[in-house]
Each structure stands twice: as structure tokens, then as C-alpha cells.
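The primary structure of each chain is shown beneath.
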Amino acid sequence: MSVSVTDAPTRVARAWIALQQVLDPEVPALSVLELGIVREVIDRGAMLEIVVTPTYSGCPATEVIARQIMDAIDAAGVGPAQLRLQRAPAWSSDWITAAGRRKLNEYGIAPPAPVPAEATVSVGSIRRRGAPIEVACPRCGSSDTSQLSAFGSTACKALYRCLACLEPFEYFKPI
Amino acid sequence: MGVRQTSIEPSRAPPVQYVLRLADLCLILAQRLGEWCGHAPILEEDIALTNTALDLIGQARALLTHAGRLGAAQGCGVVLDEDQLAFLREERDYLNPTLVELPRGDFAFTTLRNAMVATWLTHMWQHLSASSDAEVAGIAAKAVKEARYHQRHAADWVVRLGDGTAESKQRLEEALHELWPYTAELFESDTVDEHAAASGLGPRWSALREGWFAQMRVLLSEAGLAMPAEGPFRSTGRSGKHSEHLGYLLTDMQYLQRAYPGGAW
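### Details of the nonpolar core
Grouped together as the largest cluster of nonpolar side chains are 83 residues, with contacts concentrated most on Leu112(B), Trp120(B), Leu121(B) and Trp125(B). At 13 residues, helix α1 (residues 14–34) of chain B tops the list of elements feeding residues into this core. Judged by nonpolar contacts, the second largest core, of 32 residues, contains Val32(A), Ala72(A), Ile73(A) and Ala155(A).

Here's what the structure looks like:
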């Protein structure tokens, strides 16, 4: 029979604490929790199950992140654990936490605008829908910015420039 | 060196074939887009084309992995993994529509094909996100967001080229006439489709026709181009009968795994 110690943090709680230390290798300003990709930590008795939702289908960081998560769980002594990749519901940049957005901005990456609701595929023009989103420069805060490239150094980012301070910067794509 | 890696044969069960058609569409187009790495007309588009390829490879990986598991469940015995399915099939076991294996052409050709395929994929993924197969539905719900981003980017360029210089317009027009006959295959249905529609796995490809045409009509008119008439030609890549181009592509793509079986880094 096992005796539960009520004031000691549970295994699951300790796992969550350990996960706070796991940083996204491509955006090291953010932890995997701030990125919003860890969906659940479940105590399965012999095993801890960590449920992770990938950001982009082809993101090469996904495998590195999975390995780092397992290492962090081991280091915290709450393993053994197994990682389950869960695709649905699909990850959205809306899941990045408020603290995550602040840290992105401080790191020099403009945080993503809210994702517009798109229930169905439109039958009209597939080009521009609505007003262009306003992206504020993470350095000087000016909204006088323009897109340089719809794609950037990683799957999750686009490239912008600030027309006020003239610095280029990255923008986390809303998806 | 010297060890020849023998080919594998995927399951012929209709659900596996249905998933492989889509997986191969993503895989082969990604391979073509990868050829642009270091060769696109401007750096931003070099990055855009290869990032698009990366998303497509991610989608293909998920679908191939799933096709391998489905194949085992359908009685093929072993679970073929994504790498075996991507690199060790014979040409006739690739089931992508011919459109995506055509050589990359110039930037106008690549851009227009990307717009055509991304538009088709947004409709396909949208349908598949309600698939009776939970894994397929999950892959689709993620992929539809990526496809929309690709679609908008490619569409912007189609208009820019069509509405650009006399040369860019002419090149886009040539691309349209070269590509158009191969789009018919994207809206054909056969027994594999019937099976998928009956089981709720996914739509008949013919069900995507109306939505695709509506969007392409608007896009082409914004680009100042007329939609070509439908001709009698039908390509047959998705039943494994390919153009001469796929063999060359596979030679390049499969070389490493054939020469160094199981090689990884």
C-alpha cells in the first residue's frame, strides 16, 4: 500500500514545473508551455504520459523538442514517461500565452495577431481578405511596418521591416 | 556500398491507395519545390518555395506513416514506415496526379502550379478534417491552415505576374496552357474514391471540382487571364501510370536510400 503525502507536489505537478524549463530550440525565448504545445500530463501509474501538439506539420524542431521534454522529465526524476503526439485539435498561434507573447516581443519577434475565424473555404478571391493586419515593430513599437517576405528563417515566422526605425524584424505567423 | 536496397510494395487496399495518392501529391510537389533551393529569382521566394516544400513534406510524412499502418491493418502484414514508403517504392507504386511531377519550369510555371495545388488542397483538407478516420482528420485540420497560407502567397504572385510586364504575363499564359490539361485528373473519381466516400474516409476527388473552379476563375480573371476550355486529355498518375518525368525525379530522390540502405543522420 502506498502512502500519499498530501503537502508534497504530485508527480504531474512536478512534471509541469520541469516543462517550464524546456525551451523551443528555434525560438529560445519561449518555453514549450508558453508556446502552448503541451496539452496534457497524465499519470498512468507506471508511466507519465505527456501529450504534445506539433506547431507545423514539417517543423524540424518537433523531434528535438520531444527529446528535450523527455530529458527534462528524466532529470526531474518523475519518469518514466512517454510522449504522445496529438494532432487534433490543431495547434493555433492563439495558444501562445500572454507571457509568451511578451517574451517574444522582448526577444525581437513580433507576436502573432489573433487568427481570423475561417469556418469554410471562401469561394471568392483567395488573395487579400480584409484590411492587412497591423504588426508593431518589437524594437520601437511603431505600427508603420511592411512585410518583406511571407516566409522566414523557420516555418513559423515571416520577415518584416519597420519603416520608422528602419530595422528588419521577424513576425510570428498567425496560424 | 554495393548492397542493393530491394523495393517494397504497398498495400493495394482502397483506403491505403486513397491516402497514398494525397501523400504522394505532397511528397512529389515538395521534391520539385526543393529543386528551387538556391535558384529562385529572389531570396524571399527561394525561402518561400522551400518553406512551402517543408510544410508539404511534413504533411506527406504524417500521411505516409498512416498509410503504412493502414496497410498493415488491411492485411499487408508488416508496417511500412514513412521512409520505406517515400524512398523504396517502384515508380508505378507512386500515386500522385501527374500535375505535380512535371518539371519545375520557370517561376511562373511553379507559381501557378502552386496556386492550383494549394487551392485544391485547401478544399481537400477542409473535407478531410471531417474524415471518419480520426488520424486523417487530425492531419487535415493542421494542414488546411498551412495550405491556406501557401494558397494566398501563390495567388498574390499569380496576379503580380499576370498584371506585371509583357514578359511575365506571357510566361504565365504559357504556364497556364501547359498546366491546364493536367488539372482534369484532380477531379476524376474511380473505385478508390467511391470506397473512401462510402466509408467516410474522404471525398471523391470530383467533389472538389466546383469549389476549385470557382476560386480559380476569380484568380485567373484577377490576373488578366482567361480560363482555358476543358480538353479530352486525361493524365493517369494517380493510378500509377506516370509521365516520363517521374522516373528521373525518383532517381534523384531515392538515390541515397538505394545506395546506402537505412542511411540516416
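On we go from here.
### A few points about the environment of Leu176(B)
All names here are of chain B. Along the chain, the position of Leu176 falls in helix α6 (residues 166–183). On the basis of relative accessibility, which here comes to 0%, the residue Leu176 falls in the buried class. When the C-alpha positions of Leu176 and Leu225 are compared, they lie 8.7 Å apart, and in sequence the two are 49 residues distant. Sequence-distant contacts of Leu176, that is, excluding residues within four places in its chain, are made with Leu112, Met116, Leu220, Leu225, Ala226 and Pro228.

### Describing the pattern of salt bridges
Counted according to the given criterion, the structure contains 24 salt bridges over all chains. The salt bridge involving Arg84(A) is made with Glu49(A); its shortest N-O contact spans 3.4 Å. With Arg84(A) in strand β3 (residues 81–85) and Glu49(A) in strand β2 (residues 48–52), the pair connects residues that are 35 residues apart, well separated along the chain. Of the charged contacts in the structure, one is a salt bridge between Glu194(B) and Arg204(B), with a shortest N-O distance of 3.0 Å. Placement of Glu194(B) in helix α7 (residues 191–199) and of Arg204(B) in the loop between α7 and α8 (209–222) is noted, with a sequence separation of 10 residues between them.

### A closer look at the packing of α6(B) against α8(B)
Residues and elements named next belong to chain B. In the contact formed by α6 and α8, the axes pass within 14 Å of each other and the chain directions differ by 175 degrees. With respect to α8, the axis of α6 lies roughly antiparallel. Contact residues: Leu176, Trp180 and Thr183 in α6; Trp212, Phe213 and Leu220 in α8.

### Details of helix α3 (residues 61–75) of chain A
Helical periodicity: at 3.6 residues per turn, an α-helix aligns residues three or four positions apart in one direction. All names here are of chain A. Taking 1.5 Å of rise per residue, the 15 residues of α3 would be expected to cover 21 Å, and the 21 Å separating its terminal C-alpha atoms lies within 8% of that figure. Among the residues of α3, those classed as buried are Ala61, Thr62, Ile65, Ile69, Ala72 and Ile73. Down the axis of α3, the smallest arc covering the buried residues is 110 degrees, so these residues share one side. Seen from the buried face of α3, the exposed residues on the opposite side, beyond 90 degrees, are Arg67, Asp74 and Ala75. For α3, the elements touching its buried residues are α1 (11–19), α2 (32–35), β1 (38–43), β2 and β3. Looking one or two residues past α3, Gly77 carries a phi angle of roughly 70 degrees, positive in sign.

### Focus on empty space enclosed by the protein
Applying the stated criterion to the full structure yields 6 cavities of 30 Å³ or more. By volume, the largest cavity amounts to about 130 Å³. Contributing to the lining of the largest cavity are 17 residues, with Leu35(A), Thr55(A), Cys59(A), Thr62(A) and Ile65(A) lying nearest its centre. Mapped by element, the contributors of at least two residues to the lining of the largest cavity are α3 and β3 of chain A. A per-element tally of the lining of the largest cavity places α3(A) first, with 4 residues. Of the residues in the lining of the largest cavity, the class split is 12 nonpolar, 3 polar and 2 charged. Its boundaries defined by the atoms lining it, the second largest cavity holds a volume of some 100 Å³. Lining the second largest cavity are Glu45(B), Ala48(B), Leu49(B), Thr52(B), Phe107(B), Thr111(B), Asn114(B), His150(B), His153(B), Ala154(B) and Trp157(B). Elements that contribute at least two residues to the lining of the second largest cavity include exactly α2 (43–76), α4 (107–128) and α5 (134–162) of chain B. Residues belonging to the lining of the second largest cavity are distributed by class as follows: 5 nonpolar, 5 polar and 1 charged.

Reading guide: rules and limits
Residues numbered from 1 in each chain as written. Chains lettered and ligands numbered in written order. Predicted model: local features only at pLDDT ≥ 70, side-chain atom pairs only at ≥ 80, totals over all residues. Heavy atoms only, no water. Core = buried A, V, L, I, M, F, W, Y, C linked by side-chain atoms within 4.5 Å. Buried < 20%, exposed > 50% of the residue type's maximum accessible area, 1.4 Å probe, protein only. Helix = DSSP H or I, 4+ residues; strand = E, 2+ residues; numbered from the N terminus. Contact = heavy atoms within 4.5 Å. Salt bridge = Lys/Arg side-chain N within 4 Å of Asp/Glu carboxyl O. Axes fitted to C-alpha atoms, helices over the stretch in contact; angles between N-to-C directions. Parallel < 35°, antiparallel > 145°, perpendicular 65-115°, else oblique. Expected span 1.5 Å × (residues − 1). Arc of directions from axis to C-beta. 1 Å grid on protein atoms, 1.4 Å probe; cavity = no way out; pocket = protein on both sides within 12 Å on 5 of 7 lines; lining within 4 Å. Points joined across faces, edges and corners; volume = space filled by probe spheres on them. Nonpolar A, V, L, I, M, F, W, Y, C, P; charged D, E, K, R; others polar.

Spatial relationships are all this shows, so hold off on functional conclusions.
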